[in-house]
Amino acid sequence: MGKYEQLAKDILKQVGGKENIISMTHCITRLRFQLQDESKANDDVLKKMDGVVTVIHASGQYQVVIGNHVGNVYADLCEAANLNGEQPSQEAEEKKGVFNRLIDIISGCFQPILGPICAAGMVKGLNALFVFLHILSVTDGTYIVLNAIGDSVFYFMPIMLGYTSARKFKLNPVTGMIIGATLCHSSIQTAALTATGALGTLPILGEYFTTFLRIPLIANTYTSSVVPIIIVNAFAGKVEKQAKKWIPEMLRSFFVPFSVLLVSVPLGLLVIGPVITILTNLLSSAFTAIYTFNPVIMGLTVGLFWQVLVIFGLHWALIPLMVINMTQLGYDNVLVGNWGACFAQTAVVAAMYFKLKDKKLKNLCPPAIISGVCGVTEPAIYGITLPKKKPFFYSLVGAGIGGAIMGLFDVKKYTSGGIGIFGIINYIDPQTGEANGMMVAGLVILISMLVSFLLTFFFWKDEEVAEAAADTAVKGSDETPAKSETHAGREEILIAPADGKVIPLNEVKDEAFSQGVLGKGVAILPENGRICSPVNGTVQALFPTLHALGLVSEEGTEVLIHVGINTVELNGEGFTAHVAAGDTVKKGQLLLEFNRQEIEAKGYCMETPVLITNSDEFREIVITEGKEIREKETLMILKK
């Protein structure tokens, strides 16, 4: 056992003991458990332990954030629990839970195309605005072209999802797109829908008008569909895996996709498509029935819980429902209750700005407000409101009231275009230019913000900061001058390890990084696939999956560079290391290379935190004010 023996034993006890652990791995900062029963783990005790930074529940994993020395804790934990420390088995993945796996699949398929979907939706929203302002009519050629841009993204949804789901299920992406294109092919629909006279009837599935190899082919229109292509490609991925085992390597480039298409497409059209279509129609009808029964309660519920769903990633389960409604009805009125959520969150931050005593946290409010108005609330949630608890709940109240109003007036959303304030045009009917929904949406913005602002301003006090200030006053100021005198005048310059966009740490899409629990610093969204050394020093640690490394500078500064978020799951795929642990490096020396396009295509965020893990030793950390940076330019100045 090593120096972290006691910590390892304590962690083992608080996660429910060895018998509660299905599997255990670690990344550069976290212990990642798959537990039999997460309720047996004691979050509160773990968070208060010396040596534990925080606890996070995400992606079906129980994550205990440790820091740079996680490898040592992991080794002692393996010994204490008598575990071999292997990667999760297939059995462990299955015990992850059907629901968690479903959420992971949906988010993995939709995340890569959300940007283009929103862009096309914004074009359609602008088109609707032009009709509302009588700039265009629905017969104008300009309207027709712009409308085609907005509609095509939904009409050919199976092709786009064919690509992303293929990547998710490790299927050849082009094969996946061909399957999606086949579902959209006009001849499939024409042959099934225009044949004269039904040939027979199948229980539940209904009448059929044609056959494939004498097997009944149920008529369905798969253009604009969402779920069938995902399920078909999941099956196709397994077919491709088996085909690669049986087909000689020299013939695979042709005969593997040939086999996959020949098996998957007919089965998809004969069985998977019809069954999934029935199930999704039932689900959509159920939500519509609830909305019809009481749209106010539906809107209130969606608005009240939407931000909670976002935090846990569960909102992905409802995104396909919105898409289905839009493609079948031309609008969605079930999930419109989430409209006021980002504005309520923004108003809470605005109220906190006037009451915060912590200047650093106060300075985070203006950029979070701007981001929130534009529809991106993660900086506000993770960096400001959620840590303070009560303000976050006040935002839920404002969002819930806004959702109830949307339901009361039966507001319809006609496109999934812009978010935040830019999304208000989503509520204009693109065919008639009728904009009553937009007017109600504007009213909801005002009410959601007013309710949340007033609740926070009058009922929340920044008591934690006040107590911390009082504690500092009681302790006295003798220690601070001594520390300043000891280290006065010493500073170290860190250069940028990559070209790219500079992102404030509190805006990073990972709680452990954004809250600064692993150290202070900044993040870079890299433009290329290079990571260079920001310091002269030594490579302290290089994780086996190559996605992260730790450095110690000649001045004793501990630097952690973590390429992307959750990229440990790639197991090194797409990464190449040019150094090893223990190597001496110079500023600007190439450390890692990675395939940015390949990693992003798999749905991973490439935000790369650059952290000072011993930041408590510095009097001040000055971060560049630039929005863009180049390798070897000054990124941070550390002052002792």
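Here the structure is shown first, and the text comes after it.
My aim in this report is to walk through the structure given alongside it, one point at a time. (Residues numbered from 1 in each chain as written. Predicted model: local features only at pLDDT ≥ 70, side-chain atom pairs only at ≥ 80, totals over all residues. Heavy atoms only, no water.)

## So, the overall build of the protein
Then, in step 1: For the protein, the count of helices and strands is 22 helices and 21 strands.
Then, in step 2: Evaluated residue by residue, the protein yields a buried proportion of 47% over its 640 residues.
Then, in step 3: Pairs at least 24 residues apart make up 72% of the contacts formed inside the protein by residues separated by at least 6 positions. (Helix = DSSP H or I, 4+ residues; strand = E, 2+ residues; numbered from the N terminus. Buried < 20%, exposed > 50% of the residue type's maximum accessible area, 1.4 Å probe, protein only. Contact = heavy atoms within 4.5 Å.)

## Looking at the packing of helix α10 (residues 227–246) against helix α11 (residues 252–293)
Then, in step 1: Where α10 contacts α11, the two axes come as close as 8 Å, and the packing angle between them is 150 degrees. As summarised for this structure, α10 and α11 are arranged roughly antiparallel, according to the angle between their axes. The handedness of the crossing between α10 and α11 is right-handed.
Then, in step 2: Considered class by class, the residues forming the contact of α10 with α11 number 14 nonpolar, six polar and three charged. (Axes fitted to C-alpha atoms, helices over the stretch in contact; angles between N-to-C directions. Parallel < 35°, antiparallel > 145°, perpendicular 65-115°, else oblique. Left-handed = near helix turned anticlockwise from the far one by under 90°. Nonpolar A, V, L, I, M, F, W, Y, C, P; charged D, E, K, R; others polar.)

## Section: unusual backbone geometry
Then, in step 1: With a phi close to 50 degrees, L213 is a non-glycine residue in the positive phi region.
Then, in step 2: L213 gets classed as exposed once you look at its relative accessible area, which sits at 69%.
Then, in step 3: Phi at D410 is positive, roughly 50 degrees, even though this residue is not glycine.
Then, in step 4: Tracing the backbone shows D410 in the loop between α17 (390–408) and α18 (436–459).

## Some remarks on the packing of aromatic side chains
Then, in step 1: Taken as a whole, this structure holds eleven aromatic pairs when the rule is applied.
Then, in step 2: Measuring from centroid to centroid gives 5.2 Å for W339 and Y427, while their planes differ by 70 degrees, and the two rings are edge-to-face. With a gap of 88 residues between them, W339 in the loop between α13 (319–329) and α14 (341–355) and Y427 in the loop between α17 and α18 connect regions that are remote in the sequence. The two residues W339 and Y427 agree in class, both being buried.
Then, in step 3: A centroid spacing of 6.1 Å and a plane angle of 35 degrees characterise the contact between F575 and F594, whose relative ring orientation is tilted. Placement of F575 in strand β15 (residues 575–577) and of F594 in strand β17 (residues 590–594) is noted, with a sequence separation of 19 residues between them.
Then, in step 4: Classification of F575 as buried rests on a relative accessible area of 7%.
Then, in step 5: Over the face of the ring belonging to F457 we find K355, whose NZ or CZ atom lies 5.9 Å from the ring centre.
Then, in step 6: Its guanidinium or amino end placed over the ring of Y331, K412 lies 5.2 Å from that ring's centre, counting from NZ or CZ. (Phe/Tyr/Trp six-rings, centres within 6.5 Å; stacked < 30°, edge-to-face > 60°. Lys NZ or Arg CZ within 6 Å of the ring centre and 35° of its normal.)

## Details of α10
Then, in step 1: The first and last C-alpha atoms of α10 sit 30 Å apart over 20 residues, in line with the 28 Å expected at 1.5 Å per residue.
Then, in step 2: Of the positions making up α10, those classed as buried are P228, I229, I230, V232, N233, A236, G237, V239, E240 and A243. (Expected span 1.5 Å × (residues − 1).)

## Concerning the pattern of salt bridges
Then, in step 1: As enumerated under the stated definition, the model contains nine salt bridges in all.
Then, in step 2: Measuring nitrogen to oxygen at the nearest pair gives 3.7 Å for the salt bridge that ties E240 to K244. Of this pair, E240 and K244 are both found in helix α10, four residues apart, which corresponds to roughly one turn of the helix.
Then, in step 3: Look at E240 and you get buried, because its relative accessible area is 4%. (Salt bridge = Lys/Arg side-chain N within 4 Å of Asp/Glu carboxyl O.)

## Some words on α13
Then, in step 1: The element α13 is largely enclosed, with a buried count of eight among its eleven residues.
Then, in step 2: Of the residues making up α13, those classed as buried are I319, P320, L321, M322, V323, I324, N325 and M326.

## Considerations on the sheet that holds strand β18 (residues 608–612)
Then, in step 1: Pairing in this open sheet of eight strands is antiparallel, and the strands run β16-β12-β13-β14-β18-β10-β9-β20 from one edge to the other. Only two strands of the sheet have a single partner each, and these edge strands are β16 (584–585) and β20 (628–629).
Then, in step 2: With five bridges connecting them, strand β12 (residues 537–542) and strand β13 (residues 548–553) associate as antiparallel partners. Within β13, the residue paired with T538 across the bridge is V552. (Pairing = 2+ DSSP bridges.)

## Side note on a nonpolar patch on the surface
Then, in step 1: Together, M250, L251, F254, F255, F258, L262 and V263 line one region of the surface with nonpolar side chains, adding up to about 790 Å² of accessible area.
Then, in step 2: Since its relative accessible area comes to 64%, F254 is described here as exposed. (Patch = residues over 30% accessible without salt bridge, like charges linked within 9 Å, V, L, I, M, F, W, Y side chains within 5 Å. Areas by Shrake-Rupley, 256 points an atom, 1.4 Å probe, with all protein chains shown as cover.)

## Thoughts on the pairing of β13
Then, in step 1: Of all six residues in β13, five are buried, a share of seventy percent or more.
Then, in step 2: Two strands pair when backbone bridges link them, and β13 and strand β14 (residues 558–562) are joined in this way by five bridges, in the antiparallel orientation. The residue of β14 that forms the bridge with L549 is I561.
Then, in step 3: Between β13 and β14, which follow one another and run antiparallel, lie four residues, and G556 among them has a positive phi close to 95 degrees.

## Regarding the sheet that holds strand β19 (residues 620–623)
Then, in step 1: The strand order across the open sheet built from three strands is β8-β21-β19, with neighbouring strands paired in antiparallel fashion. Strands at the two margins of the open sheet, each flanked by one partner only, are β8 (491–495) and β19. The average angle at which neighbouring strand axes cross in this sheet is 15 degrees, direction not considered.
Then, in step 2: Where β8 lies against strand β21 (residues 634–639), five bridges are found, and the strand directions are antiparallel. Among the inter-strand pairings, L494 is bridged to a residue of β21, identified as M636.

## Overview of the packing of helix α8 (residues 173–184) against α10
Geometry of a packed helix pair, given as the angle between the helix axes and the separation of the axes.
Then, in step 1: For the pair α8 and α10, interaxial distance at closest approach is 10 Å and the crossing angle is 140 degrees. Of the possible angle classes, the one that applies to α8 and α10 is oblique. Note on packing geometry: the crossing formed by α8 with α10 is right-handed. Contacts from G176, I179, G180 and L183 in α8 reach I229, V232, N233 and A236 in α10.
Then, in step 2: Its residues placed into classes, the contact of α8 with α10 shows five nonpolar, three polar and no charged.

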